[in-house]
Amino acid sequence: MTTLFGKIIRREIPAKIVYEDEECLAFRDVNPQAPTHVLLIPKKEIPRLADATAEDRALLGHLMLVAGNIARDLGIDDAFRLVVNNGAEAGQSVFHLHLHILAGRKLQWPPG
Ligand code: AMP
């Protein structure tokens with residue numbers, strides 16, 4: 001089932017896009033939780049990380065590499081955090097797999 005991120009991929013709703021290739025798209029979070037807050041999503045509509053299969057192995061690896069490249073491009077590669085919320089109880093509100101790329105402030109550990 002498509003989500004609002006599917007609509008962003010299809011340009012049906014606007015987003016501040018920072019990176020795109022054939023397999024993924026990255027854009028600024030509309031409600032940033034840090035000075036830099038980018039969402040990186042696969043174009044394939046995988047609802048949750050737990051729904052990914054062995055077929056998605058290369059795609060998941062690609063997302064990790066792209067996350068590092070985006071961090072370098074944005075100048076945050078010395079200190080950033082990747083977050084994947086999986087399931088409503090873990091804070092997931094959009095059921096299209098996404099990596100949060102967060103940086104620009106002191107990030108606490110453990111996370112909330
Ligand atoms: P999560 O809670 O992990 O599912 O993350 C969903 C994220 O999507 C939240 O951080 C929202 O602020 C963000 N979000 C929701 N709608 C939009 C939108 N139209 N454009 C950009 N980010 C959005």
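Above this text is the structure in question.
Conventions adopted
- Residues numbered from 1 in each chain as written.
- Predicted model: local features only at pLDDT ≥ 70, side-chain atom pairs only at ≥ 80, totals over all residues.
- Heavy atoms only, no water.
- Helix = DSSP H or I, 4+ residues; strand = E, 2+ residues; numbered from the N terminus.
- Polar contact = N/O pair within 3.5 Å; in protein donor to acceptor, adjacent residues only side chain to side chain.
- Contact = heavy atoms within 4.5 Å.
- Patch = residues over 30% accessible without salt bridge, like charges linked within 9 Å, V, L, I, M, F, W, Y side chains within 5 Å.
- Areas by Shrake-Rupley, 256 points an atom, 1.4 Å probe, with all protein chains shown as cover.
- Salt bridge = Lys/Arg side-chain N within 4 Å of Asp/Glu carboxyl O.
- Buried < 20%, exposed > 50% of the residue type's maximum accessible area, 1.4 Å probe, protein only.

A. Representation of unusual backbone geometry in the model. Along the chain, Trp109 connects to Pro110 via a cis peptide bond; the corresponding omega equals 0°. Inspection of the secondary structure assignment puts Pro110 in the segment after β5 (99–103). At Arg11, a position not held by glycine, the phi torsion is positive, near 65°. Looking at where Arg11 falls in the secondary structure, it is placed in the loop between α1 (4–9) and β1 (17–20).

B. View of the environment of Lys16. Secondary-structure assignment places Lys16 in the loop between α1 and β1. Placed 83 residues apart in sequence, Lys16 and Leu99 show a C-alpha to C-alpha distance of 16 Å.

C. Summary view of the side chain of Arg81. For Arg81, the position within the fold is in strand β4 (residues 81–83). Polar side-chain contacts of Arg81 include one of 3.4 Å to the backbone oxygen of Leu107. Among all residues touching Arg81, those that are not within four sequence positions of it are His100, Ile101, Leu102, Leu107, Gln108, Trp109 and Pro111.

D. Looking closely at a nonpolar patch on the surface. On the surface, Met64, Phe80 and Leu82 cluster together to form a nonpolar patch covering roughly 250 Å² of accessible area. Considering the arrangement of structural elements, one finds Leu82 in strand β4. Judged by relative accessible area, Leu82 falls into the partly exposed class, the value being 31%.

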